[in-house]
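# Structural characterization, general
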Amino acid sequence: MDQPTSGAGPADEADGGAEVLGRPLPEGVRRRVIALVSDAFGGLTVSELPAQLRQYARFTPTRRAKFAGNAMAAALESDALFRERIGERLAQSQPELTGALEAGSPPAAADPLDVAAAAYVLRPVGWVKLVESAGEEVQRADAERADEETRRELEHLREELERARAHTRAETERLRTELDAARKEAESLHRKLRSALSEVKRGEAALRRGAAEADVVRAESAAQLSASESESRRLKGRLGEAEAALEASRRAAREGRSVEDMRLRLLLDTVLDAASGLRRELALPPATTHPADTVDAVEPGRMSPKDIAARALSETDPALLDQLLALPQAHLIVDGYNVTKTGYPQMPLEKQRLRLLGGLSVLAAQTGAEMTCVFDGAELAAPVLLAPPRGVRVLFSKAGVTADELIRQLARAEPPGRPVVVVSTDREVADGVAKAGARPVASVLLLKRLSRV
């Protein structure tokens, strides 16, 4: 920490001279000065504090002395007005000491460190001598304490040395007794060792004979095991190849049959729903054989998304979307973020998804159409925890695949003839799904329709 080394008070300047410390402020006095300033610090307002000390105004005196010690010492040395305010607080808390210092007769029974700290703050005539004498007094006291501690330590070491010598003598005698017993024990063990060595040599000879016989048996067993393992690996390899071929053929047959069955069933349902709707619309009677049935003519076809476009409706009229979703087996595919960033881009992505999916769930319940909402998941750090609402399929694109490409894949996966409506304002998406036979509509159309939900 920086230590103040000099200073002049108002009284000194009035006398025409300034008292200056000739050496650094003694550490003990410095600690008392910082403690004194820290205690008086709390009685000042923030405006009365120097600018560099205002940040410590709410600290407790202990934390203030710990963290702002250097700053308080520097302000006390350089700011005469701050020092005067601290002196006023000191005069209020210790009137007897401050009165004695101003009178030039510090109390003899007071702690020299307290006297020196108060003198350093108040700066009466002769304050430098009081500070220096306090420092010398502290040094003398420290030296006396050090001498006393050294004498006590020396006496303690002498006692320890005497005890160690006595313990060493007793330990030496004990070790001599143990050494004699150990020598006798060693002689007995040496005799036993010679006898055991002879037994070991005979055992080693028998062990070498047994090892040689075991090596022969082990070599024969290893040869047989190697041949068996080789044959086993060959058989396992052939078995694995056969199982892999069988599983591949089963999977190929199963996947091919499942995809084709699904596409055929979906197309059949579309055709049946279209025929049923057409029958209801035309109010046709049950099919019977009539002469007119033999006349060759053009039969009325079912309505498609392109037929809907021919009607006099604006591309942003929500009624257009209602007519498209009223088609039999209609499938609505939504470019999720394209819609949410068009309608409510200021919301976080999570809330955008929840708001859109909630509206689609209500729309699905109203129209009965199949609905799939696609979000771009290529840059997600982790899977999105989301419970899809009832009636809405939610898909995220895989890494390396954009949501636009996933939408085009969904459109191409539908069988020809099924009404497919794709919601997106992305021109590339609209052109791609149009080539696959789907009807693209703008995101604002869906947003207007959902605002009525």
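What counts and how
Residues numbered from 1 in each chain as written. Predicted model: local features only at pLDDT ≥ 70, side-chain atom pairs only at ≥ 80, totals over all residues. Heavy atoms only, no water. Buried < 20%, exposed > 50% of the residue type's maximum accessible area, 1.4 Å probe, protein only. Helix = DSSP H or I, 4+ residues; strand = E, 2+ residues; numbered from the N terminus. Contact = heavy atoms within 4.5 Å. Pairing = 2+ DSSP bridges. Axes fitted to C-alpha atoms, helices over the stretch in contact; angles between N-to-C directions. Core = buried A, V, L, I, M, F, W, Y, C linked by side-chain atoms within 4.5 Å. Phe/Tyr/Trp six-rings, centres within 6.5 Å; stacked < 30°, edge-to-face > 60°. Lys NZ or Arg CZ within 6 Å of the ring centre and 35° of its normal. Salt bridge = Lys/Arg side-chain N within 4 Å of Asp/Glu carboxyl O.

## A closer look at helix α15 (residues 443–450)
- Of all eight residues in α15, six are buried; the element is thus mostly enclosed.
- Listed as buried for α15 are Ser 443, Leu 445, Leu 446, Leu 447, Arg 449 and Leu 450.
- Contact partners of the buried residues in α15: α10 (318–325), β1 (331–335), α11 (336–343), α12 (349–367), β4 (420–423) and β5 (439–441).

## A word on the sheet that holds strand β3 (residues 392–396)
- Ordered by their spatial adjacency, five strands build an open sheet running β3-β2-β1-β4-β5, and the pairing between neighbours is parallel. The sheet is open, and its two edges are formed by β3 and β5, each paired on a single side. Taking each pair of neighbouring strands and ignoring which way they run, the sheet shows an average axis angle of 20°.
- Two strands pair when backbone bridges link them, and β1 and β4 are joined in this way by four bridges, in the parallel orientation. Bridging from a neighbouring strand, His 331 pairs with Val 420 of β4.

## Focus: the nonpolar core
- Val 33, Leu 76, Phe 82 and Ile 86 are the most contacted members of the largest nonpolar core, which has 33 residues in total.
- At the level of secondary structure, the elements contributing two or more residues to this core comprise α2 (27–41), α4 (69–78), α5 (80–93), α6 (95–102), α7 (112–122) and α8 (127–282).
- Take this core: its biggest share by element is nine residues, from α7.
- Those residues in contact with Ile 86 that lie beyond four places of it in its chain are Leu 36, Val 37, Ala 40, Leu 44, Leu 76 and Val 121.
- The next biggest cluster of nonpolar side chains, apart from the first, holds 29 residues, and it includes Leu 357, Ala 364, Cys 373 and Leu 450.

## So, the packing of aromatic side chains
- Using the criterion set out here, one finds two aromatic pairs in the structure.
- Members of the aromatic cluster, joined through ring pairs, are Tyr 337, Phe 375 and Phe 396.
- Cation over ring: Arg 63 sits above Phe 59, and NZ or CZ is 4.3 Å from the ring centre.
- Here Lys 341 stacks its cationic end above the ring of Tyr 337, 5.5 Å away from the centre of that ring.

## Focus: the pattern of salt bridges
- Throughout the structure, instances matching the rule amount to 15 salt bridges.
- A salt bridge links Asp 431 to Arg 427, with the nearest nitrogen and oxygen atoms 3.6 Å apart. Of this pair, Asp 431 and Arg 427 both sit in helix α14 (residues 427–435), four residues apart, roughly one helical turn.
- What makes Asp 431 partly exposed here is its relative accessible area of 38%.
- Residue classification places Arg 427 among the exposed residues on the basis of a relative accessible area of 58%.
- Salt bridges linked by common partners bring Glu 370, Arg 393, Glu 414 and Arg 418 together as one network.

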